[in-house]
Amino acid sequence: MSNYFKLNELNTNIRTEILAGFTTFISMSYILFVNPNVLGAAGMNQGAVFTATALSAAFGTLMMGLYAKYPIATAPALGINAFFSYSVVIGMGVNWQTALAAVFVASLIFILITIFKLREVIIDAIPSDLKFAISSGIGLFIAFLGLHQGGLIVANKSTVVGLGSFTTPTTWLTIIGLIVTSILMVKRVPGAIFIGMAVTAIAGLITGLIPMPHHVISGAPSLKPTFGVGVEYFSHINTIQLWVVVLTFLLVTFFDTAGTLVGLAQQAGFMKDNKMPRVGKALMSDSSAMLVGSILGTSPVGAYVESSAGIAVGGRSGLTSVVTAICFILGMFFSPLLPVVTNQVTAPALIIVGVLMAQSMKRVHWEKLEIAIPAFLIVIGMPLTYSISDGMALGLIMYPLTMIAAKRGKEVHPIMYALFFIFIVFIAILNVK
């Protein structure tokens, strides 16, 4: 096992990898419950979606671990699942079966452009400064997620966002967890993030803020209501409107995953000469997961930013992902225990990981405005638009313009000019009502 995953070469060990894999699972286990609720709004069977979510996450994460050998987990992506239910099914009046077929078609195209290495070429063409900005932007994004989920930042009609209420008992769980995790991190205690989550969960159980589970084990719901439906309704993708839906699924997943992979690779120190080793295998892993997910019965699957929690604990090899995948499989049978991992339990971990990832900002050439402006738009755009792909769009549209203004247009890779137009089309599609 050590030789296969090259643990010594990566300066890690089996214990650390297991801890990292479990930490990643704990950080993203919420998707097992959130995804069925979101897709349930479209009329899909929530039990079947629960099982499809677990299996598609396990499949993609296992491929990422055994094939690509990266400590990166995959699962049905947040945001695009809401687009599936509320925009496509409820807004456009498309039945969920046809919407699932659109995901299936998008996944086939996804695999084709991965086989022809188009995604790999695009990722390699992004300048190193913007890759650092993407990593930092993801850091701010997941920190914002943590602050919001933990109740420290809330919506405010007057100021858009504001400070949460300290009279809300569960918010104090986040505060306690953040203090404990911060102290452990400063003292460089191994597994500090995981210990912080454990302390927060225990505090919640003791105070009654997190309910004690009544059962430990339950059977996994049947896949029958959703399995193969996307393939069955393949022929229903026969209008311009539905092809726009397919293109949207494709573009959002494409850029979300590209940004996430680059950010996580930067955090883990995998980038070499501005390139991500084995990126083709990583891209094939998430493409395959999206295809499997569409057949099982769930919205697009992609790489998860919460993998950064496991990387922060020390995960550096594919063994981390293998452990996470096993946890997803077991999670189907221990679902009564998963509600113990509330938003307040994972929030401190996300905030601290955000701090770690934001350190990439120091490597951006801020003194050069032609670099600083698009980099800043990426960094600030991701948390404020609540979207990795939208934040990337803002920066990558601006980059060629500022470089031309600085008379450095010839230094811009041709693909970056192509992305300029692609992102303009991307934003236009997202704004189609």
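Looking at an unreviewed UniProt entry, one finds the protein named NCS2 family permease, with Limosilactobacillus urinaemulieris as its source organism. One UniProt comment on the protein, placed under Sequence similarities (unreviewed entry), says "Belongs to the nucleobase:cation symporter-2 (NCS2) (TC 2.A.40) family. Azg-like subfamily." Here is the UniProt Subcellular location (unreviewed entry) comment for the protein, exactly as written: "Cell membrane".

**Comments concerning the packing of aromatic side chains**
Aromatic ring pairs are defined here through the distance separating the ring centres and the angle between the ring planes. Counting across every chain of the model gives 16 aromatic pairs. Over the face of the ring belonging to Phe 254 we find Arg 119, whose NZ or CZ atom lies 5.7 Å from the ring centre.

**Observations concerning helix 3 (residues 31–40)**
Note that an α-helix has 3.6 residues per turn; residues three or four places apart therefore point the same way. Counted residue by residue, helix 3 has seven buried out of 10 residues, so it is predominantly covered. Of the residues making up helix 3, those classed as buried are Ile 31, Leu 32, Asn 35, Pro 36, Val 38, Leu 39 and Gly 40. On its buried face, helix 3 sits against helix 2 (14–28), helix 4 (46–66), strand 1 (74–76), helix 5 (80–91) and helix 15 (318–331).

**Side note on helix 2**
Spanning 15 residues, helix 2 covers 21 Å between terminal C-alpha atoms, matching the ideal 21 Å at 1.5 Å per step. Every buried residue belonging to helix 2 is among Thr 16, Glu 17, Leu 19, Ala 20, Gly 21, Thr 23, Thr 24, Phe 25, Ile 26, Ser 27 and Met 28, and all of these are buried. Elements in contact with the buried residues of helix 2: helix 3, strand 1, helix 10 (192–207), helix 14 (307–313), helix 15 and helix 16 (343–358). Measuring from the backbone nitrogen of Arg 15 back to the side-chain oxygen at the start of helix 2 gives 3.2 Å, which picks out Asn 13 as the cap.

**Observations concerning the nonpolar core**
The biggest cluster of nonpolar side chains holds 125 residues, and the ones touching the most others in it are Phe 84, Phe 249, Met 276 and Phe 423. Among the elements that take part in this core, helix 12 (residues 240–268) stands out by supplying 15 residues, more than any other. In this structure Phe 249 touches Ile 80, Phe 83, Phe 84, Val 88, Ala 99, Ala 102, Val 103, Ala 106 and Pro 300, once residues within four positions along its chain are discounted.

**With respect to the pattern of salt bridges**
Going through the model one piece at a time under the given rule, you end up with three salt bridges. Linking Glu 370 and Arg 408 is a salt bridge whose minimum nitrogen-to-oxygen distance equals 2.7 Å. In this pair, Glu 370 is assigned in helix 17 (residues 369–385) and Arg 408 in the loop between helix 18 (388–405) and helix 19 (414–430), connecting sequence segments 38 residues apart. Pair check on accessibility: Glu 370 and Arg 408 agree, each one buried. Within this structure, Glu 370, Arg 408 and Glu 411 form a network of salt bridges that share partners.

**Side note on unusual backbone geometry**
At Arg 188, a position not held by glycine, the phi torsion is positive, near 55 degrees. Assignment of secondary structure puts Arg 188 in the loop between helix 9 (169–186) and helix 10. We classify Arg 188 as exposed; its relative accessible area is 73%. In the Ramachandran plot, Arg 278 falls in the positive-phi region, its phi being about 60 degrees despite a non-glycine side chain. Relative to the assigned elements, Arg 278 resides in the loop between helix 12 and helix 13 (279–296). Arg 278 sits in the partly exposed class, given a relative accessible area of 37%.

**Quick notes on the packing of helix 7 (residues 118–125) against helix 13**
Orientation of helix 7 relative to helix 13, taken along the N-to-C sense of each, is 125 degrees, at an axis distance of 9 Å. Comparing the axis directions of helix 7 and helix 13 gives the class oblique. Crossing handedness for the pair helix 7 and helix 13: right-handed. Here Arg 119, Glu 120 and Ile 123 of helix 7 come into contact with helix 13, specifically with Val 279, Gly 280, Leu 283, Asp 286 and Ser 287. By residue class, the composition of the contact of helix 7 with helix 13 is three nonpolar, two polar and three charged.

Conventions adopted
Residues numbered from 1 in each chain as written. Predicted model: local features only at pLDDT ≥ 70, side-chain atom pairs only at ≥ 80, totals over all residues. Heavy atoms only, no water. UniProt positions renumbered as here; feature names shortened; annotations may be inferred. Phe/Tyr/Trp six-rings, centres within 6.5 Å; stacked < 30°, edge-to-face > 60°. Lys NZ or Arg CZ within 6 Å of the ring centre and 35° of its normal. Buried < 20%, exposed > 50% of the residue type's maximum accessible area, 1.4 Å probe, protein only. Helix = DSSP H or I, 4+ residues; strand = E, 2+ residues; numbered from the N terminus. Contact = heavy atoms within 4.5 Å. Expected span 1.5 Å × (residues − 1). Polar contact = N/O pair within 3.5 Å; in protein donor to acceptor, adjacent residues only side chain to side chain. Core = buried A, V, L, I, M, F, W, Y, C linked by side-chain atoms within 4.5 Å. Salt bridge = Lys/Arg side-chain N within 4 Å of Asp/Glu carboxyl O. Axes fitted to C-alpha atoms, helices over the stretch in contact; angles between N-to-C directions. Parallel < 35°, antiparallel > 145°, perpendicular 65-115°, else oblique. Left-handed = near helix turned anticlockwise from the far one by under 90°. Nonpolar A, V, L, I, M, F, W, Y, C, P; charged D, E, K, R; others polar.

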